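Next come the chains, spelled out residue by residue.
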Amino acid sequence: MKIYGKTIAPLALLLLLLFQAAAQKTDLSNYKILCAEKNNPQVLKAVAVLQEKIGKRSQLQLPVIKSWPKKSAENLIVVGIENNLKFLPAEYAAELAQLPATRAEGFKLLALEKAKIIVIAGHDSRGVLYGAGKFLRMLEMEPGRIKGIPALKTSSSPQYPIRGHQLGYRPKTNAYDAWTVAQYDSYIRDLALFGANSIEIMPPRTDDDFSSVHMKLPAIEMMVHQSRICREYGLDVWMWYPNLGSDYTSPDSIRKELAEREQIFSLLPKLDALFV
């Protein structure tokens, strides 16, 4: 292949193109995160996750600001629900509107060529988190450096309404019963950043072993933490509750089973669906 009259081998051409692509990436190390939501806990959580994930991998703490700068509006990562981004410059508002419309839990990512504003616009609160997850996966981060592509126009919506995963805290798994609350938080957060919208938990009495030497907490306490973590990230909480009683015909047995369920359900900060 000839470029500027010179013949370049295919491998050399590939290296040249990769070098040019790398050279064109935008340095985001001095950017700020502008959160467009003041009272939406799920969006605020998404912003916190974005800041923490970047900080963990780059050792740079991008500051979070709450309003549009009065002087220089540049070097910004704007995060919020699309319908609430009315303050964006006309050029950005027009570009967002031209992207395909999103559905529930969808998001748009926008960065114009040579401009210094990046927009993460969710269709709703969950969409903001999923948009932040997609944006994080597009960054190159190492200690002291954050790089991103210079131009970006993306619109995405989930194909399936239920995207979940069961996380059982019980001896029948070979890892989950050894996890701490922090490990569950980290794992659920990563599932959410990749698009999960529901987590299925289970009550303590699900098989013949109620506890494990590896457990950091009693199963009933960890179940409450799992529900709380999901609530903080705005995910649905499902529960698999098998009927393991020996007798479902006696009124006394039925009352005992129902009382157990009332106790379990009342402890949970969030419960959206039950699978019997």
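Each remark here, short or long, concerns the structure printed above.
Just so it is clear, the model here is predicted, and its values are computed rather than measured. (Residues numbered from 1 in each chain as written. Predicted model: local features only at pLDDT ≥ 70, side-chain atom pairs only at ≥ 80, totals over all residues. Heavy atoms only, no water.)

Draft legend 1. Main features of the overall build of the chain. Per the secondary structure count, the chain includes 7 helices and 15 strands. Taking 19 Å as the expected radius of gyration for a compact globule of 276 residues, we find that the chain reaches 24 Å, considerably beyond that expectation. Across its three principal directions, the C-alpha atoms of the chain cover 90 × 45 × 35 Å. By residue count, 41% of the 276 residues in the chain fall in the buried class. The long-range fraction of contacts in the chain, counting pairs at least 24 apart against all pairs at least 6 apart in sequence, stands at 72%. (Helix = DSSP H or I, 4+ residues; strand = E, 2+ residues; numbered from the N terminus. Rg over C-alpha atoms; globule rule 2.2 N^0.38 Å. Buried < 20%, exposed > 50% of the residue type's maximum accessible area, 1.4 Å probe, protein only. Contact = heavy atoms within 4.5 Å.)

Draft legend 2. Here's a closer look at the packing of helix α2 (residues 41-58) against helix α4 (residues 125-137). Contact pair α2 / α4: the axes reach a minimum separation of 8 Å and the direction vectors enclose 10 degrees. The pairing of α2 with α4 is recorded here as roughly parallel in orientation. Like other packed secondary-structure pairs, α2 and α4 cross with a definite hand, here right-handed. Taken together, the residues of α4 that come into contact with α2 (itself represented by Gln42, Val43, Ala46, Leu50, Lys53 and Ile54) are Ser125, Arg126, Val128, Leu129, Ala132, Phe135 and Leu136. Split by residue class, the contact of α2 with α4 holds 9 nonpolar, 2 polar and 2 charged. (Axes fitted to C-alpha atoms, helices over the stretch in contact; angles between N-to-C directions. Parallel < 35°, antiparallel > 145°, perpendicular 65-115°, else oblique. Left-handed = near helix turned anticlockwise from the far one by under 90°. Nonpolar A, V, L, I, M, F, W, Y, C, P; charged D, E, K, R; others polar.)

Draft legend 3. Expanded view of the side chain of Arg189. By the secondary structure assignment, Arg189 is in helix α5 (residues 181-193). Residue class for Arg189 comes out buried when judged on its relative accessible area of 15%.

Draft legend 4. Representation of the pattern of salt bridges within the structure. Counted by the stated rule, this structure contains 18 salt bridges. Residues Lys45 and Glu232 are paired through a salt bridge, measuring 3.7 Å at the closest nitrogen-oxygen approach. Of this pair, Lys45 sits in helix α2 while Glu232 sits in helix α6 (residues 219-233), and the two are 187 residues apart along the sequence. What makes Glu232 partly exposed here is its relative accessible area of 28%. Here Glu140 makes a salt bridge to Arg145, at a shortest N to O gap of 4.0 Å. For Glu140, a relative accessible area of 33% puts it in the partly exposed group. One salt-bridge network, in which partners are shared between bridges, spans Lys25, Glu140, Glu142 and Arg145. (Salt bridge = Lys/Arg side-chain N within 4 Å of Asp/Glu carboxyl O.)

Draft legend 5. Geometry of the pairing of strand β4 (residues 32-35). Relative to strand β6 (residues 76-81), β4 is paired through 4 bridges, and the arrangement is parallel. Each bridged residue has a counterpart across the sheet, and for Cys35 the counterpart in β6 is Val79. Sheet analysis places β4 next to strand β5 (residues 64-65), joined by 2 bridges and oriented parallel. Within the sheet, the bridge partner assigned to Ile33 lies in β5 and is Val64. You can see the chain leave β4, run along α2 and come back into β5, and the turn it takes is right-handed. (Pairing = 2+ DSSP bridges. Right-handed = clockwise from strand over helix to strand, strands pointing away.)

Draft legend 6. Main features of the environment of Glu257. Summarising the element assignment, Glu257 is placed in helix α7 (residues 251-267). A relative accessible area of 10% places Glu257 in the buried class. The spacing of Glu257 and Arg163 is 94 residues in sequence and 30 Å in space, taken between C-alpha atoms. Apart from residues no more than four positions distant in its own chain, Glu257 is found in contact with Arg205, Gly245 and Tyr248. In terms of polar contacts, Glu257 uses its side chain to reach the side chain of Arg261, at 2.7 Å. (Polar contact = N/O pair within 3.5 Å; in protein donor to acceptor, adjacent residues only side chain to side chain.)

Draft legend 7. Region of interest: the environment of Leu191. Within the secondary structure layout, Leu191 lies in helix α5. Linking Leu191 and Gly164, residues 27 residues apart in sequence, is a C-alpha distance of 8.7 Å. Excluding residues that lie within four positions of it along the chain, Leu191 makes contacts with His165, Ala196 and Ile199.

Draft legend 8. The side chain of Lys53, seen in detail. One can find Lys53 in helix α2. With a relative accessible area of 8%, Lys53 lands in the buried category. Filtering out sequence-adjacent residues up to four positions away, Lys53 remains in contact with Leu136, Met141, Arg189, Asp190 and Leu193.

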